[in-house]
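Per-entry structural report
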Amino acid sequence: MTDDVRNIVLGVIAAGVSASLGWIARTHLWRRRLRRKQAFFGLPDNAECLLVVNRDAGGDGSVHRHDVFALLELSALVKDCSAHAQILSHDMVRQGFGERTEFCVGGPVSNRRMAAHLQSLLPGVRINTDPEPGPERNAFQIGAERYRVEKGVAEYVVLARVTAGQEARPVFLFCGQQAITNQAASRYLARNHEKLARKHGNDTFCLLLKVVNSQAYGPDVVELVADVTRAAQTPVPAPGA
């Protein structure tokens, strides 16, 4: 074998080894990121989860289109984790939490399961459910702070990941003042889950987000107002107590 042929063969072998090592490294990094994502969402391979959807507050039994978009965002996350989702209406779910990951969408007026979760898991979050129009309608009270709706200008949504123990699967809550804020929160989670996992690990957190100028920007411009985990988990004394 001449020197030229030997050099060509050695070059081909080196290129093949380098490509194989690169592929192995990329595969390892991809698998590690996937495992972290699965751990954060509580969705190992082939796991089952619940997508609990509300009903349009208009009372006609339909699902608001922004809530449908939120479900699509969440369905993509579930699929990326190699898991499976079951979509159920809020009034059809008759089980506790912790056995399966749950994504619950909608405010307490249109989603009875959300109302139960807030009462049990986040007792420090109070929402004005008065049906009469007025500046306090759908206002949030978290701890001592109050957040009113400015429709189309500034609207708030609670995004929470709550667990009942180390081995329990998480419950994700998307509780907004308007339907578009539920979609905004689901999109925020999809875009920032890696950052949230680094900051909070697999522990409980509750974030208050503000959707800015939704009449112009839709659900895309979202600001983090505060991490309200401690206040949300602290029961608010009843009025007059």
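So, a few notes on the structure that sits alongside this text. (Residues numbered from 1 in each chain as written. Predicted model: local features only at pLDDT ≥ 70, side-chain atom pairs only at ≥ 80, totals over all residues. Heavy atoms only, no water.)

**Structural notes on a positive patch on the surface**
Together, R32, R36, K195 and R198 give the surface a local cluster of positive charge. Counting residues per element, the ones that place at least two in the positive patch are α1 (3-41) and α4 (179-200). With respect to the element layout, K195 can be found in helix α4. Residue class for K195 comes out exposed when judged on its relative accessible area of 51%. (Patch = residues over 30% accessible without salt bridge, like charges linked within 9 Å, V, L, I, M, F, W, Y side chains within 5 Å. Areas by Shrake-Rupley, 256 points an atom, 1.4 Å probe, with all protein chains shown as cover. Salt bridge = Lys/Arg side-chain N within 4 Å of Asp/Glu carboxyl O. Lys, Arg positive; Asp, Glu negative; His and termini not counted. Charge placed at Lys NZ, Arg CZ, Asp CG, Glu CD. Helix = DSSP H or I, 4+ residues; strand = E, 2+ residues; numbered from the N terminus. Buried < 20%, exposed > 50% of the residue type's maximum accessible area, 1.4 Å probe, protein only.)

**Things to note about the nonpolar core**
Core analysis: the biggest nonpolar cluster contains 27 residues, and F41, L43, L74, F103, F174 and L189 have the highest contact counts within it. Among the elements of the structure, α1, β1 (48-53), α2 (65-80), β3 (101-105), β7 (154-162), β8 (171-176), α4 and β9 (205-212) are those that each provide at least two residues to this core. At five residues, the largest contribution of residues to this core is made by α2. If sequence neighbours within four positions are ignored, L74 has contacts with L51, F103, V105, F174, S186 and L189. One finds L88, L118, L121 and L122 within the second-largest nonpolar core, a separate group that totals 25 residues. (Core = buried A, V, L, I, M, F, W, Y, C linked by side-chain atoms within 4.5 Å. Contact = heavy atoms within 4.5 Å.)

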